[in-house]
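# Coordinates in review
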Amino acid sequence: MKDARAIIKRLLVTEKGTQLTEKNNQYQFEVEPSANKVEIRRAVETIFNVHVTKVNTMNKLGKAKRLRTMSYGRTAAWKRAVVTLKTGDKIDLT
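Residues numbered from 1 in each chain as written. Predicted model: local features only at pLDDT ≥ 70, side-chain atom pairs only at ≥ 80, totals over all residues. Heavy atoms only, no water.

Counted by the stated rule, this structure contains 2 salt bridges. For Glu 39, the salt bridge is made with Lys 2, and the minimal N-O distance between the two is 3.8 Å. Within this pair, whereas Glu 39 is found in helix 3 (residues 37-48), its partner Lys 2 is found in the segment before helix 1 (4-7), the two being separated by 37 residues in sequence. Judged by relative accessible area, Glu 39 falls into the buried class, the value being 19%. Residue classification places Lys 2 among the partly exposed positions, given a relative accessible area of 33%. Between Arg 10 and Glu 30 there is a salt bridge, with the nearest N and O atoms lying 2.6 Å from each other. Highlighted residues: Arg 10 in strand 1 (residues 8-12) and Glu 30 in strand 2 (residues 26-31), separated in sequence by 20 residues. Look at Glu 30 and you get buried, because its relative accessible area is 13%. (Salt bridge = Lys/Arg side-chain N within 4 Å of Asp/Glu carboxyl O. Helix = DSSP H or I, 4+ residues; strand = E, 2+ residues; numbered from the N terminus. Buried < 20%, exposed > 50% of the residue type's maximum accessible area, 1.4 Å probe, protein only.)

Of all the 8 residues making up strand 6 (residues 78-85), 7 are buried; the element is thus mostly covered by neighbouring parts of the structure. Relative to strand 6, strand 3 (residues 52-60) runs antiparallel, the two sharing 8 bridges. Within strand 6, the residue paired with Val 52 across the bridge is Leu 85. (Pairing = 2+ DSSP bridges.)

Moving on: the sheet that holds strand 1. The strand order 1-2-6-3 describes an open sheet built from 4 strands, whose pairing is antiparallel. This sheet does not close on itself; its edge strands, each paired only once, are strand 1 and strand 3. For this sheet, the mean angle separating the axes of adjacent strands, direction not counted, is 30 degrees. Sheet topology places strand 1 next to strand 2; 4 bridges connect them, and they run antiparallel. Among the inter-strand pairings, Arg 10 is bridged to a residue of strand 2, identified as Glu 30. Sheet strands touched by helix 2 (residues 15-24): strand 2 and strand 6. Its angle to strand 2, the strand with the most contacts, is close to 140 degrees. Docked against the sheet, helix 3 engages strand 1, strand 2, strand 3 and strand 6, running at close to 120 degrees with respect to strand 3. (Axes fitted to C-alpha atoms, helices over the stretch in contact; angles between N-to-C directions. Contact = heavy atoms within 4.5 Å.)

So, to be careful, I would describe these as geometric facts and stop short of saying anything about function.
Below you can see the structure in the form of structure tokens.
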């Protein structure tokens, strides 16, 4: 099994993520693109000491970007995980 800190890159704090946290007890994470739902569940449970009930994942493709010159590039592709916690559990964001 991979290290839990290698699977979970960072907690995403956005407007949509804040609404999901307040209404549905869901948190968004940027995760390793090769990680599956079981690995994400175990990583969140070990790092934050909570009980996970559901994990949804989505792959975000990199966007094409043009630099100041006529050269083109791409931003990196990444993976997002929306994790639903058991009622009563929460992750302290402070």
